[in-house]
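# A structural walkthrough
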Amino acid sequence: MTLPATGLLSSNHQEPTTTQAKSGGCGCDSSATVEMDEKLKERIAKHPCYSEDAHHHYARMHVAVAPACNIQCNYCNRKFDCANESRPGVVSELLTPEEAAHKVLVIAGKIPQMTVLGVAGPGDPLANPEKTFRTFELIADKAPDIKLCLSTNGLMLTEYVDRIKQLNIDHVTITLNTIDPEIGAQIYSWVHYKRKRYRGVEGAKILLEKQMEGLQALKEADILCKVNSVMIPGINDQHLVEVNKFIRENGAFLHNIMPLISAPEHGTHFGLTGQRGPTTKELKEVQDNCAGNMKMMRHCRQCRADAVGLLGEDRSQEFTKDKFLEMSPEYNLEQRATVHEGIEKFKEELKVAKEKAQTKKFVNSPKILVAVATKGSGLVNQHFGHAKEFQIYEVEGNEVRFVSHRKIDHYCQGGFGEEATLEYIIKAIADCKAVLVSKIGNCPKEELHKAGIQTVETYDVIEKAALEFYEQYVKELGIGE
């Protein structure tokens with residue numbers, strides 16, 4: 001992997017050797033609190049789902065070894081052979097554990113910044129325990145530096161927590177959409193438990209009880225837990241604050257509130273019955289309402305069950321079965337460690353650049369959004385016409401916060417459909433004051449300006465570029481430091 005050379009970052013910076021403990025009423029002494037915090041940081045440092053910072057630099061992959069599922073969600077339809085779709089439960093082909101292990105070793109050599117291997121479907125990993133755990137066994141033996149994680153609906157979690165702990169699977173995601181069985185009955189068609197199928201409130205109640213038990217079991221086993229919740233307008237959107245409070249009190253580390261995907265062509269119950277997904281504004285409002293309680297994940301891309309690469313990109317079609325089975329594994333622990341050291345050094349340089357940019361103070365400064373075209377590494381480094389998504393940052397004073405991402409159809413399509421695509425892109429980022437890009441053509445620049453969206457062409461650290469635009473923006477408003 002070649003790290004980006006910007007010429008903008010300074011490495012003449014030393015980190016402080018002491019860390020101040022967080023205040024709190026836990027009864028722990030400060031040194032113990034610091035040590036605990038540092039250990040937790042280390043556990044998530046290279047996990048792109050658990051760390052917003054890591055997702056700019058480290059990649060993940062999922063292997064599709066778990067086809068069966070023990071519940072039917074009204075937002076899910078596990079179709080195969082949908083290579084152009086990116087949503088949970090979709091895969092192009094199923095793998096055996098042995099094929100999956102081979103694929104992981106191949107990709108770990110080709111993409112050395114890949115640090116996480118997850119089993120997330122296309123069904124539920126714990127409804128396919130033999131295949132799931134055999135896959136983890138093979139990978140843990142041959143690639144010890146890769147983090148292992150799984151995503152589950154939680155129905156069978158308590159039965160397999162000991163096995164999960166034994167295999168050093170340190171990150172588990174539970175999809176928990178409600179803590180009210182009445183609401184659950186609107187989300188789940190049926191639940192299959194102990195060889196019997198349950199429907200309605202009865203099925204939702206069983207699922208919820210097992211999810212609660214599983215969450216507690218993960219806490220007791222010291223396994224980090226992320227909770228995914230699908231936001232469904234009119235069903236659980238107002239209820240998710242209660243879900244957030246409950247999971248925080250019961251040991252969850254991270255909450256990921258995701259928008260419902262309900263296009264009719266996906267063939268889901270919600271899609272076919274006209275249930276809409278939330279708008280970006282509605283989603284952000286709920287996430288903001290929950291953010292004061294616990295850490296929120298806002299960078300989720302709702303990945304395919306066979307996703308490969310950085311979040312926001314999908315390289316799965318480079319590694320289809322007919323391709324990767326012909327490749328020899330090039331896994332090399334020392335080479336991977338060298339790449340990771342380079343990434344960490346680059347991250348330190350980014351940190352210094354961000355700190356230098358956050359020196360100005362503004363009085364009564366407004367809060368604005370900016371859209372960023374990026375290929376990763378925490379930089380504005382992508383041409384407007386090549387972007388398939390924009391990362392959205394909120395800027396207020398000298399603070400820059402990542403708040404969401406918005407998928408779009410990339411503008412450069414060889415002349416086909418460009419006017420319609422540009423109109424859609426402008427609508428997607430209409431609430432942003434600027435779009436930060438490495439390059440942009442005159443035509444889209446003019447149209448963006450007509451829509452009140454300024455364009456900034458640069459190759460720089462995202463936070464630094466955003467703050468430089470913000471300084472110009474507030475000066476035009478007549479707001480001083």
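Just above sits the structure.
A brief structural summary. Remember, it's a predicted structure, so these values are computed and weren't measured experimentally.

### A word on the pattern of salt bridges
Taken as a whole, this structure holds 29 salt bridges when the rule is applied. Across the pair Asp53 and Lys347 runs a salt bridge, and its minimum N-O distance is 3.2 Å. In this pair, Asp53 sits in the loop between helix H1 (30-44) and strand S1 (59-62) while Lys347 sits in helix H11 (residues 333-357), placing the two residues 294 residues apart along the sequence. Where Lys464 meets Asp460, a salt bridge forms, and the shortest distance between an N and an O atom there is 2.9 Å. For Lys464, a relative accessible area of 23% corresponds to the partly exposed category. Among the ionic contacts, a cluster of salt bridges with common partners joins Lys284, Asp288, Arg298, Glu394, Glu396 and Arg401.

### A closer look at helix H7 (residues 240-249)
For H7, the set of buried residues is Leu240, Val243, Asn244, Phe246 and Ile247. End-on view of H7: buried residues confined to an arc of 165 degrees, all on one side of the axis. Close packing links the buried residues of H7 with helix H6 (200-220), strand S8 (224-231), strand S9 (254-259) and helix H9 (280-291). Backbone geometry just downstream of H7 places Gly251 in the positive-phi region, at approximately 100 degrees.

### Remarks on the sheet that holds strand S14 (residues 399-407)
Spatial strand order, S14-S13-S11-S15-S16: five strands in an open sheet with mixed pairing. Since the sheet does not close on itself, it has two edges, and those belong to S14 and strand S16 (454-457), each with one partner. Neighbour-to-neighbour, the strand axes of the sheet open up by a mean angle of 25 degrees, direction not taken into account. By the bridge criterion, four bridges tie strand S15 (residues 434-437) to S16 in an arrangement that is parallel. Residue pairing for S16: Val437 is matched across the bridge by Glu457.

Quick notes on the rules
- Residues numbered from 1 in each chain as written.
- Predicted model: local features only at pLDDT ≥ 70, side-chain atom pairs only at ≥ 80, totals over all residues.
- Heavy atoms only, no water.
- Salt bridge = Lys/Arg side-chain N within 4 Å of Asp/Glu carboxyl O.
- Helix = DSSP H or I, 4+ residues; strand = E, 2+ residues; numbered from the N terminus.
- Buried < 20%, exposed > 50% of the residue type's maximum accessible area, 1.4 Å probe, protein only.
- Arc of directions from axis to C-beta.
- Contact = heavy atoms within 4.5 Å.
- Pairing = 2+ DSSP bridges.
- Axes fitted to C-alpha atoms, helices over the stretch in contact; angles between N-to-C directions.

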